[in-house]
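Chains, contacts and geometry: an overview
Below, each chain spelled out in residue letters.
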Amino acid sequence: MRRAVVLDSIAVIAVTIENLSDAASSIELEKNISPIRQDSHFEGITQDFLKLFPGKLPYSILLMVIFADLLLYISLSAEIEFLTLVPYFFLSLVSLIFAKYLDLRDSALSIQVRILDRLKIVLKGIAFILLALSSLRILNHLTMSIAFPFADSMLAKSDVALGLNWLAYFNFVETYPLLKIPLETAYVLFDAASFAGFILLVLCGYFRRAKFFCEVFLIAATISISIGFLFPALSAPIHFFGMVDTLPGYDKVPGAYHLEHMMALRAADTPVVNLFSVPGLVTFPSFHTAGGVILIICFLRTKLVWPVSAYSLTMIASAPIFGGHYFIDQIAGAMLATAVCMLIAKRSCYTRLFTDF
């Protein structure tokens, strides 16, 4: 009964996201009015843009994610350690209060207009990202407490059917051990790099791209979690090498960092979520791969595209080993990111987004 309720809830969420995306095209935050502030080199922004960043669509989807969290919390009789939510909400609140202060003191502050606008967007963006991050992590862990059969065999067979050899890739990296350091570092820094990517977009004046980044990241993450809980996996290294504690050349089994949390959630009568310890649990599709693709797309036709691409491709290359992903996970993640970006880029507020620079 609980599983049926959860599945129905997820289905409703997926349909509503699609409807919201269509509806948002005719109810734009960035209305067709002249920018009130125009930088000669960077994008102009409207008063509406500044008022509610990143916009109604992402906040509507965020509210749906929170609603899904509440449904799962009730239907699964889960326990959330609410004290661990405090840092997320406190930092979000402080960011929003400071942004509001800047709005009220706009004319009195002796700060250049373009610097002030960037600071407001950064603060509102950070508040949104923190709220989204906490809500998505709760959704990820509560959905993974539903014990669907492990999909490792199916995912490994999909790789074979595509002519992709995970063990050959693992052995290739083993042949060049110096590759492990940049690969593992890139994988671990994904969250920090995503934050940095958003801030860089704003500081460089690419305000619409920053908004686009927030939207596609939230939508892709929500879809990834909504699909991923149906295909839980132990990880590729565990599938190929078995339940071992270590592997030669590694302090511990790479890509298995999530197992303890996943097993505890699946075994518990009362799932417990502690936001101080919430590793990503989705294997298929790979959100690290999706995130890397989104970062590259958001920086297309900018001077930063090459360093961002270098990082993103390194991080994507690390995912099979340090993320425990199968290649089919990465293909699905890349397809998801591309599809979401193409869909959202059709909104009227993103007209010529990637052709003006």
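Below you will find a few notes about this structure. As the structure is a computational prediction, the values presented were derived from the model and not from experiment.

On a plain count of helices and strands, the chain comes out with 15 helices and two strands. When burial is assessed residue by residue, the chain has 54% of its 357 residues classed as buried. Long-range contacts, defined as pairs at least 24 residues apart, comprise 82% of the intrachain contacts of the chain with a sequence gap of at least 6. Accessible surface for the chain amounts to roughly 16600 Å². Of this, 68% is attributable to carbon and sulfur atoms.

So, about the side chain of R266. By the element assignment, R266 lies in helix α12 (residues 259-267). Among buried Asp, Glu, Lys and Arg side chains, R266 stands out as unpaired, with D152 the closest opposite charge at 8.8 Å. Among the polar contacts listed, one links the side chain of R266 to the backbone oxygen of F148, at a separation of 2.9 Å. In this structure R266 touches M144, S145, I146, A147, F148, F150 and P232, once residues within four positions along its chain are discounted.

Along the chain, Y101 falls in helix α4 (residues 86-104). Here Y101 falls in the partly exposed class, since its relative accessible area comes to 39%.

With that settled, consider the environment of G291. In this fold, G291 is placed in helix α13 (residues 287-298). With a relative accessible area of 0%, G291 lands in the buried category. Non-local contacts of G291, meaning those with residues more than four positions away in its chain, are made with F190 and F217.

Applying the stated criterion across every chain yields a total of four salt bridges. For R137, the salt bridge is made with D191, and the minimal N-O distance between the two is 3.1 Å. Taken as a pair, R137 in helix α5 (residues 113-144) and D191 in helix α9 (residues 190-203) lie far apart in primary sequence, 54 residues in all. Note that K180 is salt-bridged to E174, the shortest N-O span being 2.9 Å.

With the rule as written, the count across this model stands at 21 aromatic pairs. Plain terms: the ring middles of F53 and F198 are 6.1 Å apart, the flat faces sit at 40° to each other, and that makes the pair tilted. Taken together, the residues F53 in the loop between α2 (47-51) and α3 (56-75) and F198 in helix α9 connect sequence positions 145 residues apart. We classify F53 as buried; its relative accessible area is 2%. On the basis of relative accessibility, which here comes to 0%, the residue F198 falls in the buried class. A centroid spacing of 5.1 Å and a plane angle of 5° characterise the contact between W166 and F240, whose relative ring orientation is stacked. In this pair, W166 is assigned in helix α7 (residues 166-175) and F240 in helix α11 (residues 236-241), connecting sequence segments 74 residues apart.

With that out of the way, let us pick up α4. Residues spaced three or four apart along an α-helix face the same direction, because each turn holds 3.6 residues. In this model, α4 (19 residues) spans 27 Å end to end at C-alpha, consistent with the 27 Å of a helix rising 1.5 Å per residue. Those residues of α4 that fall on the buried side of the exposure criterion are Y88, S92, S95, A99 and L102. Taken around the axis of α4, the buried residues stretch over an arc of 90°, which confines them to a single face. Residues of α4 that are exposed and angled more than 90 degrees away from the buried face: F90, I97 and L104.

Right, let's talk about the nonpolar core for a bit. Counting residues in each nonpolar core, the largest one holds 76 residues, and the members touching the most others are F128, F198, F212, F213, I294 and I344. Where this core is concerned, the elements lending two or more residues are α3, α5, α9, α10 (207-228), α12, α13, α14 (305-322) and α15 (327-345).

Let us now look at a nonpolar patch on the surface. Judged by side-chain polarity, L83, V86, F90, L91 and V94 come together as a nonpolar surface patch covering roughly 490 Å² of accessible area. Mapped onto the secondary structure, L91 falls in helix α4.

Residue P285 is reached from F284 by a cis peptide bond, and omega for that bond is -5°. Residue placement: P285 occurs in the loop between β2 (272-273) and α13. Despite not being glycine, S77 shows a phi value in the positive range, around 50°. Relative to the helices and strands, S77 resides in the loop between α3 and β1 (79-80). Under the relative-accessibility criterion, S77 is labelled partly exposed at 37%. With a phi angle near 60°, R352 is a residue other than glycine that sits in the positive phi range. Along the polypeptide, R352 turns up in the segment after α15.

Right, let's talk about the packing of α10 against α15 for a bit. One can describe the packing of α10 onto α15 by two numbers: an axis separation of 10 Å at closest approach and a directional angle of 135°. Between α10 and α15, the angle is such that the two are oblique. For the pair α10 and α15, the crossing hand works out as right-handed. Contact with α10, carried on its side by F212, E215, V216, I219, A220, I223 and S224, involves L336, V340, C341, I344 and A345 of α15 and no other residues of that element. A per-class count over the contact of α10 with α15 returns ten nonpolar, one polar and one charged.

Calculation notes
- Residues numbered from 1 in each chain as written.
- Predicted model: local features only at pLDDT ≥ 70, side-chain atom pairs only at ≥ 80, totals over all residues.
- Heavy atoms only, no water.
- Helix = DSSP H or I, 4+ residues; strand = E, 2+ residues; numbered from the N terminus.
- Buried < 20%, exposed > 50% of the residue type's maximum accessible area, 1.4 Å probe, protein only.
- Contact = heavy atoms within 4.5 Å.
- Areas by Shrake-Rupley, 256 points an atom, 1.4 Å probe, with all protein chains shown as cover.
- Lys, Arg positive; Asp, Glu negative; His and termini not counted.
- Salt bridge = Lys/Arg side-chain N within 4 Å of Asp/Glu carboxyl O.
- Polar contact = N/O pair within 3.5 Å; in protein donor to acceptor, adjacent residues only side chain to side chain.
- Phe/Tyr/Trp six-rings, centres within 6.5 Å; stacked < 30°, edge-to-face > 60°.
- Expected span 1.5 Å × (residues − 1).
- Arc of directions from axis to C-beta.
- Core = buried A, V, L, I, M, F, W, Y, C linked by side-chain atoms within 4.5 Å.
- Patch = residues over 30% accessible without salt bridge, like charges linked within 9 Å, V, L, I, M, F, W, Y side chains within 5 Å.
- Axes fitted to C-alpha atoms, helices over the stretch in contact; angles between N-to-C directions.
- Parallel < 35°, antiparallel > 145°, perpendicular 65-115°, else oblique.
- Left-handed = near helix turned anticlockwise from the far one by under 90°.
- Nonpolar A, V, L, I, M, F, W, Y, C, P; charged D, E, K, R; others polar.

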